[in-house]
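Each chain, letter by letter, is given below.
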Amino acid sequence: MSTHDHPRPPRTDGWVHSVETGGTADGPGIRYVLFLAGCPLRCQYCHNPDTRHMHDGTRTAAADIVAELAGYAAFLTRAGGGLTLSGGEPLVQPEFCAALFRGAKELGLHTALDTSGFLGGHADDHLLADVDLVLLDVKAFKEATHRTLTGVPLRPTLEFAERLSLLGKPVWLRYVLVPGLTDDLGEIEGLAAFAAGLEVVERVDVLPFHTLGEYKWRELGLPYRLADTAPPSAELVGRVRDRFRAHGLNAV
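Residue indices begin from 1 for each chain and proceed along its sequence in written order. Where totals are concerned, whole chains, interfaces and linings use all residues; where local detail is concerned, this predicted model gives features only for residues with pLDDT of at least 70, and gives and counts side-chain atom pairs only at 80 or more. Think of the side-chain values as coming from all heavy atoms in the structure, minus any hydrogens and water.

Undergrad: For the environment of Val240, give the residues involved together with the corresponding values.
TA: Along the chain, the position of Val240 falls in helix H8 (residues 234-245). Along the sequence, Val240 and Ala195 sit 45 residues apart, while their C-alpha atoms lie 14 Å from each other. Aside from chain neighbours lying at most four places away, what touches Val240 is Leu177, Leu185, Ile188 and Val206. Only runs of H or I of at least four residues qualify as helices and only runs of E of at least two qualify as strands under DSSP, and these elements are numbered from the N terminus. By definition in these notes, contact holds between two residues if any of their heavy atoms fall within 4.5 Å.

Structure below.
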């Protein structure tokens, strides 16, 4: 019998950098976290600079990942977790994301998308329908600061946030606090007011800057511009969380 008698469904491949099967920092419960390769941002504090290019990953079929995910599904469900797609920037590969989220939903799993929002236009309503939670990394709230930090404009991220609000899609906002770069309290005040106005932000994670990824920059021969930047003080982190809380947001 020839293969033409039984046409196979189209295969969706993507580029995967790595996987974490017991993640607890990327959404509720215990997560299967898939780090996809490729990212258009060049964040100064990036701790995964080895995911910048799609060829930094391994070409993988979505069906193979979903099959592996099925083996964890019962455990993840009991642990109140599910699938998180992170990166890199997952929306560099929207068709791959859509196939993975569809497979996860067919397994009854909670799904989360960890994104900078810069490529939010790549996520059509069909893809977002299978996303239960968006972990939205807003890097800064002034255009100039955002460009300095990431190399790309801010506006697409804000437009994506507004679209998520219109869709009623739950958001966990993430903000990395870097002394001398993203610690301007006026800018943070503006972000807090914007986030509160979205009415879908369930929590705000204020993440203190660290240099844990610096060794990867050295290994790649890339200059690390924040080598002399110290982590923020506990007092500063508290003040920033208080700015978000003053707008009625759950800042942690």
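Undergrad: Requested: an account of the packing of aromatic side chains, with residues and values cited.
TA: Each Phe, Tyr or Trp ring, with Trp reduced to its six-membered ring, pairs with another whose centre is within 6.5 Å; inter-plane angles below 30 degrees give stacked pairs, above 60 give edge-to-face pairs, and intermediate values give tilted ones. All chains considered together, the criterion is met by four aromatic pairs. Centre to centre, the rings of Tyr32 and Tyr72 are 5.7 Å apart; their planes meet at 55°, and the pair counts as tilted. With Tyr32 in strand E2 (residues 31-36) and Tyr72 in helix H1 (residues 62-78), this pair connects stretches of sequence that are 40 residues apart. Owing to a relative accessible area of 2%, Tyr32 belongs among the buried residues under this scheme. Residue burial is assigned from relative accessible area. The probe radius is 1.4 Å, only protein chains are included, and a residue is buried under 20% of its type maximum, exposed over 50%, and partly exposed in between.

Undergrad: Requested: an account of unusual backbone geometry, with residues and values cited.
TA: Negative phi values dominate among residues other than glycine, just as trans dominates among peptide bonds. Residues Gly87 and Gly88 are joined by a peptide bond in cis, for which omega reads 20°. Examined against the element boundaries, Gly88 turns out to sit in the loop between strand E4 (82-86) and helix H2 (94-106). Of note, Glu199 is a non-glycine position whose phi angle comes to about 65°, a positive value. The residue Glu199 is located in the loop between helix H6 (185-198) and strand E8 (201-208) in this model. Using a relative accessible area of 74% as the deciding quantity, one classes Glu199 as exposed.

Undergrad: Provide a residue-level description of the sheet that holds E4, including the pertinent values.
TA: Should DSSP find at least two bridges between two strands, the strands are taken to pair. Taken in spatial order, the eight strands line up as E3-E1-E2-E4-E5-E6-E7-E8 in an open sheet, and their pairing is mixed. Two strands in the sheet have a free side with no partner beyond their single neighbour: strand E3 (58-61) and E8. Across this sheet, the average inter-strand angle for adjacent strands is 30°, counted without regard to direction. Taken together, the four bridges between strand E5 (residues 110-115) and strand E6 (residues 133-137) define a ladder with parallel strand orientation. When the sheet's bridge partners are listed, Asp114 is paired in E6 with Leu135. Here, axes are lines fitted to C-alpha atoms. For helices the fit covers the stretch in contact, and angles between N-to-C directions go from 0 to 180 degrees.

Undergrad: Tell me about the pairing of E4, and name the residues and values.
TA: For E4, the tally of buried residues reaches five of five residues, placing the bulk of the element in the interior. By the bridge criterion, five bridges tie E2 to E4 in an arrangement that is parallel. From the neighbouring strand, Val33 faces E4, where its bridge partner is Thr84. Both E4 and E5 contribute to a ladder of four bridges, which runs parallel. Bridging from a neighbouring strand, Leu83 pairs with Thr111 of E5. As for the winding sense of the linkage, the β-α-β connection from E4 through H2 to E5 is right-handed. Note on handedness: a clockwise path from strand one over the helix to strand two, with the strands aimed away from the viewer, defines a right-handed crossover.

Undergrad: Could you give me a rundown of H6, with the residues and numbers involved?
TA: In an α-helix, one full turn covers 3.6 residues, which means residues spaced three or four apart are oriented alike. Taking 1.5 Å per residue as the helical rise, H6 with its 14 residues ought to reach 20 Å, and the 20 Å between its terminal C-alpha atoms agrees with that figure. Regarding H6, its N-cap is Asp184, as a side-chain oxygen of that residue lies 3.0 Å from the backbone nitrogen of Gly186 further along. Expected helix span is taken as 1.5 Å per residue step, with the number of steps being one fewer than the number of residues. Side-chain atoms alone can form a polar contact between residues adjacent in sequence; in general such a contact is a pair of N or O atoms within 3.5 Å, and within protein one must be able to donate a hydrogen while the other accepts it.

Undergrad: How would you explain the nonpolar core if you had to name every residue and give the values?
TA: Think of a nonpolar core as a cluster: buried Ala, Val, Leu, Ile, Met, Phe, Trp, Tyr and Cys residues, connected wherever their side-chain atoms sit within 4.5 Å. Leu100, Leu127, Leu173 and Phe244 are the most contacted members of the largest nonpolar core, which totals 69 residues. When residues of this core are assigned to their parent elements, the largest contribution, seven residues, is made by H6. The contact partners of Phe244, leaving out residues within four places of it in the chain, are Leu173, Ile188, Leu191, Ala192, Val204, Val206, Leu249 and Ala251.

Undergrad: Quick rundown of H2? Include the residues and the values.
TA: With 13 residues, H2 extends 18 Å between its outermost C-alpha atoms, agreeing within 8% with the 18 Å of an ideal straight helix rising 1.5 Å per residue. Buried within H2 are the following residues: Pro94, Phe96, Cys97, Ala98, Leu100, Phe101, Gly103 and Ala104.

Undergrad: Outline the packing of H1 against H2, listing residues and values.
TA: Between H1 and H2, the least distance of the axes is 9 Å, while the angle of their chain directions is 30°. Between H1 and H2, the interaxial angle falls into the category roughly parallel. Classified by chirality, the crossing of H2 by H1 is right-handed. Where H1 abuts H2, its residues Ala62, Ile65, Val66 and Leu69 lie against Phe96, Ala99, Leu100, Gly103 and Ala104. Orientation labels follow simple angle bins: below 35 degrees gives roughly parallel, above 145 gives roughly antiparallel, 65 to 115 gives roughly perpendicular, and whatever is left gives oblique. In a left-handed crossing the near helix is turned counterclockwise from the far helix by less than a right angle, and in a right-handed crossing that turn is clockwise.

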